[in-house]
Amino acid sequence: MAKKTRIKDETVANLVKILLSGKDEDGSLFTDEHLKLSKENKFVEDFILTGIFLIEKLNIKNVVRFECDFMDRNNCPLRAIQEDGTVIPLDFDKYIDAETPRQYAYLSEAQKLVSEGIKPNSICKKIKEKSPAYLQKEKT
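Since this is a predicted model, take the numbers as computed values, not measurements.

The rules behind these values
Residues numbered from 1 in each chain as written. Predicted model: local features only at pLDDT ≥ 70, side-chain atom pairs only at ≥ 80, totals over all residues. Heavy atoms only, no water. Helix = DSSP H or I, 4+ residues; strand = E, 2+ residues; numbered from the N terminus. Expected span 1.5 Å × (residues − 1). Buried < 20%, exposed > 50% of the residue type's maximum accessible area, 1.4 Å probe, protein only. Disulfide = S-S within 2.5 Å. Contact = heavy atoms within 4.5 Å. Pairing = 2+ DSSP bridges. Axes fitted to C-alpha atoms, helices over the stretch in contact; angles between N-to-C directions. Core = buried A, V, L, I, M, F, W, Y, C linked by side-chain atoms within 4.5 Å.

Caption draft 1: Looking closely at helix 5 (residues 101-115). Between its first and last C-alpha atoms helix 5 spans 21 Å; for 15 residues at 1.5 Å apiece the expected length is 21 Å, and the two agree. Residues of helix 5 that are buried: Pro-101, Arg-102, Gln-103, Ala-105, Tyr-106, Leu-107, Glu-109, Ala-110 and Leu-113.

What follows is the structure, given as structure tokens:
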């Protein structure tokens, strides 16, 4: 069982301010294009952008696509697939927190969409199909 840590009240207050404002130091959390997407496609983009953040943070190279499995019991629903076929589970809980408000906003939106009736398993195919284009764009 993962050790729980207490986040300082000031840190939580700052995160709430950022989330409510919809902006961080890099600008708007969600682009106009993102806001125009269907609920399913918002979820897909949220997960892909969070995955890109994690592979950059963890310095994982040669990722060609993402895949997902929402039945993962370790709470690592997103996986990076490298050129050689190596599968790397991406741990949201370990790296997404009050210190990463942009990614926290993406995951919060995805969670909200699930509460609005989006079926996560139905979008795994879209994540697999769309992620290579996002990853390629990041390389250029």
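Still to come is the rest of the account.
Caption draft 2: Representation of the state of the cysteines within the structure. Under the criterion given, the structure shown has one disulfide. One disulfide bridge connects Cys-68 with Cys-124, the sulfur atoms lying 2.1 Å from each other. The disulfide joining Cys-68 to Cys-124 has a torsion of about -140° about its S-S bond and is therefore left-handed. With Cys-68 in strand 3 (residues 63-68) and Cys-124 in helix 6 (residues 124-139), this pair connects stretches of sequence that are 56 residues apart. Relative accessible area serves as the criterion here: at 14%, Cys-68 is assigned to the buried category.

Caption draft 3: Molecular detail of the side chain of Gln-82. By the element assignment, Gln-82 lies in strand 4 (residues 78-82). If we ignore the near neighbours within four places in the chain, the residues touching Gln-82 are Ile-60, Lys-61, Asn-62, Val-63, Val-64 and Ile-88.

Caption draft 4: Region of the structure containing the sheet that holds strand 4. Pairing in this open sheet of three strands is antiparallel, and the strands run 3-4-5 from one edge to the other. Among the strands making up the open sheet, the edge pair consists of strand 3 and strand 5 (87-90). Between one strand axis and the next, the sheet turns through 30° on average, direction left out of account. Taken together, the five bridges between strand 3 and strand 4 define a ladder with antiparallel strand orientation.

Caption draft 5: Focus on the pairing of strand 4. Extensive coverage of strand 4 is indicated by the burial of five of its five residues. What you see with strand 4 is no split at all: Leu-78, Ala-80 and Gln-82 on one side and Arg-79 and Ile-81 on the other are buried throughout. The sheet contact formed by strand 4 and strand 5 spans four bridges and is antiparallel. Within strand 5, the position partnered with Arg-79 by the bridge is Pro-89. The loop that links strand 4 with its antiparallel partner strand 5 comprises four residues; one of these, Gly-85, has a positive phi angle of about 90°.

Caption draft 6: Here's a closer look at helix 3 (residues 39-57). Its 19 residues give helix 3 an end-to-end C-alpha distance of 27 Å, which sits within 8% of 27 Å, the value for a rise of 1.5 Å per residue. Following helix 3 by one or two positions, Asn-59 has its phi on the positive side, about 55°.

Caption draft 7: The arrangement of the nonpolar core in detail. Core analysis: the biggest nonpolar cluster contains 25 residues, and Phe-47, Ile-55, Phe-66, Leu-78, Leu-90 and Ile-127 have the highest contact counts within it. Counting only elements with at least two residues in this core, the list comes to helix 3, strand 3, strand 4, helix 5 and helix 6. Each residue touching Leu-90, except ones within four places of it in the same chain, is listed here: Gly-51, Leu-54, Ile-55, Ile-60, Phe-66, Cys-76, Leu-78 and Ala-80.

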